[in-house]
Amino acid sequence: LVLSTWMLHGVLKDQFNEFFIEYIPIKEEKDSKETGPKEEEAAGKVVEELSRYRICPALKPSYVPMRAAEKILFIGEAVQIFLDKQVDQITNIKEDTTSQTASQILSDQLKYTTLLSELQQQNVFNLRIFESVCGQIRDSVAEHLWRLLVEEGDLL
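These figures come from a predicted structure and were not determined experimentally. Counting restarts for each chain, with residues numbered from 1 along the sequence as it is written. Given that the model is predicted, a residue must reach a pLDDT of at least 70 before its local features are reported, and side-chain atom pairs must reach 80 or more before they are shown or counted; all residues, however, enter totals for whole chains, interfaces and linings. Just so you know, side-chain values use all the structure's heavy atoms and leave hydrogens and water out.

Here we look at the overall build of the chain
Operational definition: Numbering goes from the N terminus for both helices and strands, where a helix is a DSSP run of H or I of at least four residues and a strand is a run of E of at least two. Throughout this description, buried means an accessible area under 20% of the type-specific maximum (1.4 Å probe, protein chains only), exposed means over 50%, and partly exposed covers the range between. Two residues qualify as a contact provided that any one of their heavy atoms is within 4.5 Å of a heavy atom in the partner residue. Here, Shrake-Rupley sampling with a 1.4 Å probe gives the accessible areas, and only protein chains in the shown set may cover a residue.
A count of helical and extended segments in the chain gives seven helices and two strands. For the chain, the N- to C-terminal ordering of α and β elements is α-β-α-α-β-α-α-α-α. Expressed as a percentage of its 156 residues, the buried residues of the chain come to 35%. Here the contacts in the chain between residues at least 6 apart in sequence split such that 74% fall between residues at least 24 apart. For the chain, the exposed surface amounts to about 10300 Å²; the carbon and sulfur share of it is 54%.

Quick word on the nonpolar core
Condition: Take the buried residues of types Ala, Val, Leu, Ile, Met, Phe, Trp, Tyr and Cys, join any two whose side-chain atoms come within 4.5 Å, and each joined set is a nonpolar core.
Formed by 28 residues in total, the largest nonpolar core has its most connected members in Trp6, Ile21, Ile72 and Ile137. Ranked by residue count, the leading element in this core is helix H4 (residues 66–83), at nine residues. Setting aside residues no more than four positions away along its own chain, Trp6 makes contact with Val11, Leu12, Phe19, Ile21, Tyr53, Ile72, Leu73, Gly76, Glu77 and Gln80.

Observations regarding the packing of aromatic side chains
Put simply, the rule is: Two rings from Phe, Tyr or Trp (for Trp, the six-membered ring) form a pair when their centres sit within 6.5 Å of each other. Planes less than 30 degrees apart are called stacked, planes more than 60 degrees apart edge-to-face, and all others tilted.
For the structure shown, the criterion picks out five aromatic pairs. Relative to Phe130, the ring of Phe125 has its centre 5.3 Å away and its plane inclined at 55°; by these criteria the two rings are tilted. Given the relative accessible area of 6%, Phe130 is considered buried. Joined through ring pairs, the aromatic side chains of Trp6, Tyr23 and Tyr53 make up one cluster.

A closer look at the pattern of salt bridges
For the record, the criterion: Here, a salt bridge means any side-chain nitrogen of Lys or Arg that lies within 4 Å of a carboxyl oxygen of Asp or Glu.
As enumerated under the stated definition, the model contains four salt bridges in all. As a salt-bridge pair, Arg54 and Glu22 come within 2.7 Å of each other at their nearest N and O atoms. Of this pair, Arg54 sits in strand E2 (residues 53–55) while Glu22 sits in strand E1 (residues 21–23), placing them 32 residues apart in sequence. Note that Glu131 is salt-bridged to Arg67, the shortest N-O span being 2.7 Å. Of the two residues, Glu131 sits in helix H7 (residues 127–151) while Arg67 sits in helix H4, which places them 64 residues apart along the sequence. Residue classification places Glu131 among the buried residues on the basis of a relative accessible area of 15%.

A closer look at H4
Inclusion rule: Helix span is expected to be 1.5 Å times the residue number reduced by one.
With 18 residues, H4 ought to run about 26 Å at 1.5 Å a step, and its terminal C-alpha atoms sit 26 Å apart, in line with that. Within H4, the full set of buried residues consists of Ala68, Ala69, Ile72, Leu73, Ile75, Gly76, Glu77, Ala78, Val79, Gln80, Ile81 and Phe82.

Here we look at unusual backbone geometry
Backbone geometry follows two general trends: most residues other than glycine have a negative phi, and most peptide bonds adopt the trans configuration. Positioned with a positive phi, Asn17 is a non-glycine residue whose angle comes to about 50°. Checked against the element boundaries, Asn17 lands in the loop between helix H1 (2–9) and E1. Look at Asn17 and you get exposed, because its relative accessible area is 58%.

Observations concerning the environment of Leu119
When you line up the elements, Leu119 lands in helix H6 (residues 95–121). Judged by relative accessible area, Leu119 falls into the buried class, the value being 14%. Remark: the alpha-carbon pair of Leu119 and Ile129, spanning ten residues in sequence, is separated by 7.8 Å. In contact with Leu119, not counting residues within four places along its chain, are Ile129 and Phe130.

Okay, structure coming up:
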């Protein structure tokens, strides 16, 4: 459930701190970063938002390879970008293109919810299928992210 919520909605609800993706408290994050020039600060706001999560190797199941864990981290962080209202301000995207992207994301969420549910129903964990589903979700999220930030944001 925590995995699906993270990958499909970008929400980390891990009340018992058992999931291998963990939130980095803001205070810890600020203590670990140096302040730079104002131009770097503005450009780094998106990066700062994404760097609030990390993989906790001690909590990562041994059967989940690091490459899959990194895909899972990327997926949840990217989904948060879609949900963040500040993206519109950063990229100056018009509402009609944003709603097209949002409807496609919702359609994909339904598809991947089904895939993850089917995977969860299996009696035996199959790493190949798990990595394939993670790869499909990552590819879809990366495509939407590219479209949102580059194509629709007129960065090309």
